[in-house]
There are 2 protein chains.
Amino acid sequence: MSTPSVHSHTYTLTAAQCCAQREMPPAQTVQRIIEVATEHADLLGVGYRTLSLGGCLWVLSRVALEMNRYPAVGETFTINTWIENFNRHFSQRNFDITSADGTVLGYARTIWVAIDMTTRRPANLSSISAIASTVIDRPCPIAPPSKIHPVTEASIVNDYTIRVADIDFNRHLTSSRYVELVIDQMDLDFYDAHFVSRLEIEYRRETHYGSNVAVSSALSADGRTITTTISQIGRAHV
Amino acid sequence: MSTPSVHSHTYTLTAAQCCAQREMPPAQTVQRIIEVATEHADLLGVGYRTLSLGGCLWVLSRVALEMNRYPAVGETFTINTWIENFNRHFSQRNFDITSADGTVLGYARTIWVAIDMTTRRPANLSSISAIASTVIDRPCPIAPPSKIHPVTEASIVNDYTIRVADIDFNRHLTSSRYVELVIDQMDLDFYDAHFVSRLEIEYRRETHYGSNVAVSSALSADGRTITTTISQIGRAHV
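The rules behind the values
- Residues numbered from 1 in each chain as written.
- Chains lettered and ligands numbered in written order.
- Predicted model: local features only at pLDDT ≥ 70, side-chain atom pairs only at ≥ 80, totals over all residues.
- Heavy atoms only, no water.
- Helix = DSSP H or I, 4+ residues; strand = E, 2+ residues; numbered from the N terminus.
- Rg over C-alpha atoms; globule rule 2.2 N^0.38 Å.
- Buried < 20%, exposed > 50% of the residue type's maximum accessible area, 1.4 Å probe, protein only.
- Contact = heavy atoms within 4.5 Å.
- Areas by Shrake-Rupley, 256 points an atom, 1.4 Å probe, with all protein chains shown as cover.
- Lys, Arg positive; Asp, Glu negative; His and termini not counted.
- Charge placed at Lys NZ, Arg CZ, Asp CG, Glu CD.
- Pairing = 2+ DSSP bridges.
- Core = buried A, V, L, I, M, F, W, Y, C linked by side-chain atoms within 4.5 Å.
- Axes fitted to C-alpha atoms, helices over the stretch in contact; angles between N-to-C directions.
- Parallel < 35°, antiparallel > 145°, perpendicular 65-115°, else oblique.
- Left-handed = near helix turned anticlockwise from the far one by under 90°.
- Nonpolar A, V, L, I, M, F, W, Y, C, P; charged D, E, K, R; others polar.

Student: Looking at this model, I keep getting lost on the overall build of chain A. Mind explaining?
Tutor: Across its full length, chain A carries four helices and nine strands. The C-alpha atoms of chain A give 18 Å as radius of gyration, which agrees with the globular expectation for 238 residues (18 Å, within 12%). The dimensions of chain A, computed from C-alpha atoms along their principal axes, are 55 × 45 × 35 Å. Looking at the 238 residues of chain A, the share that counts as buried comes to 51%. A fraction of 72% describes how many contacts in chain A between residues 6 or more apart in sequence connect residues 24 or more apart. Split by element, the accessible area of chain A, about 11200 Å² in all, is 51% carbon and sulfur. Within chain A, the 24 negative side-chain charges are centred at a point lying 7 Å from the centre of the 20 positive side-chain charges.

Rendered as structure tokens:
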């Protein structure tokens, strides 16, 4: 029995899962993408359970998400994922999100890096070649993650101290909470008037419990792009 | 075709959904409970879509959750829900959470109040009697929500300003974020050493975007019970 090259998960968005704009918020979209990726990796035998036997784990390194629209309240939608490429150090996994009638709502590209649990340095997954047969050439017509330059002249700066509910399985800041910290740089009126059509993230360092971070944002000249850097400014006494 | 008295949803807990203790965190447990309740209400024809036609909606008023243990990483578990009681103003909906082999991991009791969308005052659901046939007498052997007294002598006080990612469909603070604010009153070491066996919440007022709240906690003399009050202390200039 072989695991399919494309793994799918169908969800129905409940009211309690919606943001104020009555659709799936970007942070939850990223969370769902991670969920579906995890399920597929488990099915392929390259998930947490298998990698942890060799002292390794996958960490999400890059995300590019591009949405025509987000799923709406009560809507049933499907996230499909497949592997575009991989080697012993990372894998490139793509996604599309479709409505019940098959319309594409959006696409995502992600890059996952295998690290050693102890050293937190890149690992070498010698046995990963077994998944080569699942790689497929399915279209994901959005630009790959671009180079993100750290914000130097920030017009919006907020401090945040990492708390218990922000910490995940790996004892670092959850991937979706990063997205929320970025989203929270703008106010509610902004999101009533604007649509987040593309979101890119580069996870560079692990952020731990009690860390105090500065969230710094700069707007592009045309006002259409917001770049945000989350940087550690110290460890709070907690 | 009649809707079953007991509605069930089976989940598998991925690593990215776990808290630092590698299990389902309390806030996510509450979120899943709300999700499953919403699904059942929709199936019964008393969900958001139907109530909104009459200008009403359900809001969660009380929760009592009691867990023997929380679902662990990779574990498949099922949440079952049923209506114990209802009238024109509120409904009492119970839950059990079971592991794949049928062991009960925990129980929850919730009280939902129907309110008028415009006035935000209790509504009168005259047509609700149609669900009477679905009420069942299934055991939920945990104490109902008790009377929670506001904290007067707090030993832990934190301020928090409600941000975009904290706001839901109804434009108030999300039910699960309330739980996170309560959880975040203690530190990570505390949760490594202690288990949240029972959690009770009473949602009294709606908290809106930009509100500044004080989260105040007091410990009982035996150190086994933490009572927390979230109270609005002003509206921030955002």
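Resuming the write-up.
Student: Could you clarify how one ought to interpret the pairing of strand β3 (residues 76-86) of chain B in this entry?
Tutor: Two faces, one strand: in a regular strand the side chains alternate between the faces of the sheet. All names here are of chain B. β3 sits mainly inside the fold: eight of its 11 residues count as buried. Direction of pairing for strand β1 (residues 7-12) relative to β3: antiparallel, over a ladder of six bridges. Bridge pairing in β3 places His-9 opposite Ile-79. As defined by bridge partners, β3 adjoins strand β4 (residues 90-99) across nine bridges and the pair is classed as antiparallel. Bridge pairing in β4 links Phe-77 to Ser-99. A loop of three residues connects β3 with β4, the two strands running antiparallel in sequence.

Student: Looking at this structure, I do not really get the nonpolar core. What am I missing?
Tutor: For soluble globular proteins, nonpolar side chains are generally found buried alongside one another. Counting residues in hydrophobic clusters, the biggest one holds 117 residues, and the most contacted among them are A:Phe77, A:Val179, A:Tyr203, B:Phe77, B:Val179 and B:Tyr203. Contact partners of A:Phe77, with chain neighbours within four places excluded, come to A:His9, A:Thr10, A:Tyr11, A:Leu13, A:Met24, A:Pro71, A:Ile97, A:Thr98 and A:Leu105.

Student: Help me understand the packing of helix α1 (residues 26-43) of chain A against helix α3 (residues 175-183) of chain A, please; the structure alone is not making it clear to me.
Tutor: Two measures define how a pair of helices packs: the angle their axes make with one another and the distance between the axes. Residue and element names in this part refer to chain A. Here α1 crosses α3 at 160°, and the two axes come no closer than 8 Å. What the angle tells us is that α1 and α3 run roughly antiparallel. The interaxial crossing formed by α1 with α3 has right-handed handedness. Contacts between α1 and α3 pair Pro-26, Ala-27, Val-30, Gln-31 and Ile-34 from the former with Ser-175, Ser-176, Val-179, Glu-180 and Ile-183 from the latter. Its residues assigned to classes, the contact of α1 with α3 comprises six nonpolar, three polar and one charged.

Geometric values such as these leave the question of function open.
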